[in-house]
Amino acid sequence: MAQVSLRNVSKVFPGGVEAVKDVSLGVEDKEFLVILGPSGCGKSTTLRVIAGLEEATNGDVFIADKRVNDIPPKDRDIAMVFQNYALYPHMNVYNNMAFGLRLRNYPKPEIDGRVRDAAGILGLAKLLDRKPRELSGGQRQRVAVGRAIVRKPLVFLFDEPLSNLDAKMRMQMRTEIHRLHIRLQSTMIYVTHDQTEAMTLGDRIVVMNEGVMQQVGSPIEIYDKPVNKFVADFIGSPPMNFIEGTVVSKDSKLYFNEKLGKLKVKIADGMTEKLLPSVNKEIIFGIRSEDIYDKLFASNASVDNTVTMACEVVEPMGSEAYLHLSSGKHTLIAKVGAHNNPPVNQDMDFVFDMQKVHFFDKHTGDTII
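Described in the following lines is the structure provided in the data block. Once a new chain begins, its residue numbering starts again from 1 and follows that chain's sequence as written. This being a predicted model, a pLDDT of at least 70 is required before a residue's local features are given, and a value of 80 or more before pairs of side-chain atoms are given or counted; all residues contribute to the totals for chains, interfaces and linings. For side-chain calculations, the full set of non-hydrogen atoms in the structure is used, while hydrogens and water are omitted.

**Let's talk about the overall build of the protein chain**
Okay, step 1: When helices and strands are counted, the protein chain shows nine helices and 20 strands.
Okay, step 2: Each principal axis of the C-alpha distribution contributes one length, and for the protein chain these read about 80 × 45 × 35 Å.
Okay, step 3: We call two residues contacting when some pair of their heavy atoms lies within 4.5 Å. Long-range contacts, defined here as pairs at least 24 residues apart, represent 66% of the contacts in the protein chain between residues at least 6 apart.
Okay, step 4: For accessible areas, the Shrake-Rupley method is used with a probe of radius 1.4 Å. Any residue's cover is judged against the shown protein chains and nothing else. Here the protein chain displays about 17,700 Å² of accessible surface, and carbon together with sulfur accounts for 48% of that area. By the criteria applied, helices consist of DSSP H or I runs no shorter than four residues and strands consist of E runs no shorter than two, each listed in order from the N terminus.

**Quick notes on the sheet that holds strand 16 (residues 306-316)**
By definition, the strands of a sheet pair up through backbone hydrogen bonds, in either a parallel or an antiparallel sense.
Okay, step 1: Within the open sheet, the five strands sit side by side as 15-19-16-17-18. Their pairing is antiparallel. What marks the edges here is a single partner per strand, and that holds for strand 15 (292-294) and strand 18 (330-337). Strand-to-strand twist across the sheet, computed as the mean angle between neighbouring axes with direction ignored, equals 50°. We call two strands paired when DSSP finds no fewer than two bridges between them. Lines fitted to C-alpha atoms define the axes here, with helix axes fitted over just the stretch in contact, and angles between the N-to-C directions of these axes take values from 0 to 180 degrees.

**Remarks on the sheet that holds strand 4 (residues 58-63)**
Okay, step 1: One open sheet holds the four strands; their spatial order is 2-1-4-5, and the pairing between them is antiparallel. Looking at the sheet topology across the chains shown, the edges are occupied by strand 2 (17-27) and strand 5 (66-67).
Okay, step 2: Where strand 1 (residues 4-13) and strand 2 come together, seven bridges link them in antiparallel fashion. Pairing of Phe13 across the sheet is with Val17, part of strand 2.
Okay, step 3: Each of strand 1, strand 2 and strand 4 is contacted by helix 1 (residues 43-51), which is oriented at about 115° to strand 1, the strand it contacts most.

**Considering the pattern of salt bridges**
Okay, step 1: Any Lys or Arg side-chain nitrogen found within 4 Å of a carboxyl oxygen on Asp or Glu counts as a salt bridge. Scanning the entire structure with this criterion turns up 14 salt bridges.
Okay, step 2: Where Glu110 meets Arg114, a salt bridge forms, and the shortest distance between an N and an O atom there is 2.9 Å. Residue Glu110 and its partner Arg114 are both found in helix 3 (residues 108-122); the two are separated by four residues, about one turn of the helix.
Okay, step 3: Whether a residue is buried, partly exposed or exposed follows from its accessible area with a 1.4 Å probe, protein chains only, as a fraction of its type maximum: under 20%, in between, or over 50%, in that order. We classify Glu110 as partly exposed; its relative accessible area is 33%.
Okay, step 4: A salt bridge links Asp112 to Arg116, with the shortest nitrogen-to-oxygen separation between them at 3.0 Å.

**With respect to the pairing of strand 6 (residues 78-81)**
Okay, step 1: By the alternation rule, side chains of strand 6 split into Ile78 and Met80 and Ala79 and Val81, which are all buried.
Okay, step 2: Bridging between strand 6 and strand 7 (residues 155-159) involves four bridges; their strand directions are parallel. Bridge pairing in strand 7 links Met80 to Leu157.

**A look at the side chain of Ser327**
Okay, step 1: Relative to the helices and strands, Ser327 is located in strand 17 (residues 320-327).
Okay, step 2: Relative accessible area serves as the criterion here: at 5%, Ser327 is assigned to the buried category.
Okay, step 3: Within the local environment of Ser327, its side chain forms a polar contact with the side chain of Glu258, the two groups lying 3.1 Å apart.
Okay, step 4: If we skip the residues at most four places from it in the chain, Ser327 touches Glu258, Leu263 and Met309. Between N or O atoms, a polar contact is any pair within 3.5 Å; within protein, one atom must be a potential hydrogen donor and the other a potential acceptor, and residues adjacent in sequence are included only when both atoms are from side chains.

**Overview of the packing of aromatic side chains**
Okay, step 1: A pair of aromatic rings is counted whenever rings of Phe, Tyr or Trp (Trp by its six-membered ring) have centres within 6.5 Å, and the orientation is called stacked for planes under 30 degrees apart, edge-to-face for over 60 and tilted otherwise. Per the counting criterion, the structure on display carries 10 aromatic pairs.
Okay, step 2: Relative to Tyr190, the ring of Phe32 has its centre 5.8 Å away and its plane inclined at 40°; by these criteria the two rings are tilted. Of this pair, Phe32 sits in strand 3 (residues 32-36) while Tyr190 sits in strand 8 (residues 187-192), placing them 158 residues apart in sequence. A single burial state applies to Phe32 and to Tyr190, both of which are buried.
Okay, step 3: Grouping aromatic residues by their ring pairs yields a cluster made of Phe32, Phe156, Phe158 and Tyr190.
Okay, step 4: Comment: the charge-over-ring label is applied if NZ (Lys) or CZ (Arg) is within 6 Å of the ring centre and within 35 degrees of the ring normal. The cationic tip of Arg7 hangs over the ring face of Phe62; the distance from NZ or CZ to the ring centre is 3.9 Å.
Okay, step 5: The ring of Tyr223 is capped by Arg288, whose NZ or CZ atom sits 3.9 Å from the centre of that ring.

**Focus on the nonpolar core**
Okay, step 1: By nonpolar core is meant a set of buried Ala, Val, Leu, Ile, Met, Phe, Trp, Tyr and Cys residues that side-chain atoms within 4.5 Å join together. Membership of the largest hydrophobic core comes to 45 residues, with the highest contact counts inside it found for Met97, Val115 and Tyr190.
Okay, step 2: With sequence-adjacent residues up to four places away left out, Met97 is seen in contact with Val115, Ala118, Ala119, Leu124, Leu128, Val143, Gly146, Arg147 and Val150.
Okay, step 3: Among the nonpolar cores identified, the runner-up in size contains 30 residues, and Leu254, Ala321, Val336 and Met348 belong to it.

**Some details on helix 3**
Okay, step 1: Take the residue count of a helix, subtract one, and multiply by 1.5 Å to get its expected span. For helix 3, which comprises 15 residues, the first-to-last C-alpha distance of 21 Å matches the rise-based estimate of 21 Å (1.5 Å per residue) to within 8%.
Okay, step 2: For helix 3, every residue scored as buried is listed here: Ile111, Arg114, Val115, Ala118, Ala119 and Leu122. Along the long axis of helix 3, the arc covered by the buried residues comes to 130°, so they all point the same way. Counted as exposed and oriented over 90 degrees from the buried face of helix 3: Pro109, Asp117 and Gly120.
Okay, step 3: The secondary structure elements touched by the buried residues of helix 3 are helix 2 (93-103), helix 4 (137-149) and helix 5 (167-184).
Okay, step 4: Gly123 sits one or two positions beyond helix 3 and adopts a positive phi of about 70°. To be clear, the arc concerns the directions from the helix axis to the C-beta atoms.

Encoded structure:
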């Protein structure tokens, strides 16, 4: 069983920089776990601690129920795929993939079989005699993945492996890595700053910021139920819209009033109980771009959820369009169908789906609903 467990792991670099802060995490056998976050959040350091390339300052790392803190990387039965491929330029593809096995004194027939099997899986069979300089970026990345596959490790570790590829090649490699996980049924831990990679690849996602785990959950849980404003802002394209304002009570109903603006919407009945303690207090209102509708295309729209805003910019995106809307001191983005091409700088009515909105504590950033 290729389970991985981190128990209260911290990493402090010389100078007192705490890159990872008390991380406890369990990765199940055959799971594809993605660690997601902005640059400098501690995700790569966490991966390097698992690999043994960095020593944990505090805490324990377990692989297959075995504590590996004092075990060198080569003996942890892991294989790591790096951002920069790390291929030997003087060796051809075959020898790059076979090199690690030769160091471990595997018999030549077994080495040859493993290399050719991996090359077949990754579409490299016709490239085995080429040097890295003769390959495209995507082909080099497949060689790096192939070098990991031939090891048949307990755990695969990926450190932003697609960041050097163009958009089309990244999409292709995402699909290949996904297929690879299904085929190999191995435990994989994947680090990225790209939320698209995280959402499409991960069985679960760990969102990190400033060395701290913010939330762990399935992609849909992370998207629909962010635990704080950071997660809500980091996940989603375009990011969630945020408006500062106050919860007010009128005629036994609760409303959200925009601060320094005219926006006012009625809070859904199912949310009022949790928001009662926030009446007359400043909070942050959040709504995703796809939950703002042009009133012309919204049936049975309530006047309490209808907001008049001016569309300042229209961004055509092919199958959809982004509308940049002005509301008081805030600019919101609505994601609509490509056919929806409203006039610019004219007031229009938009409807908020109040069943899908979020509320956050202004001071802590934690979610209220």
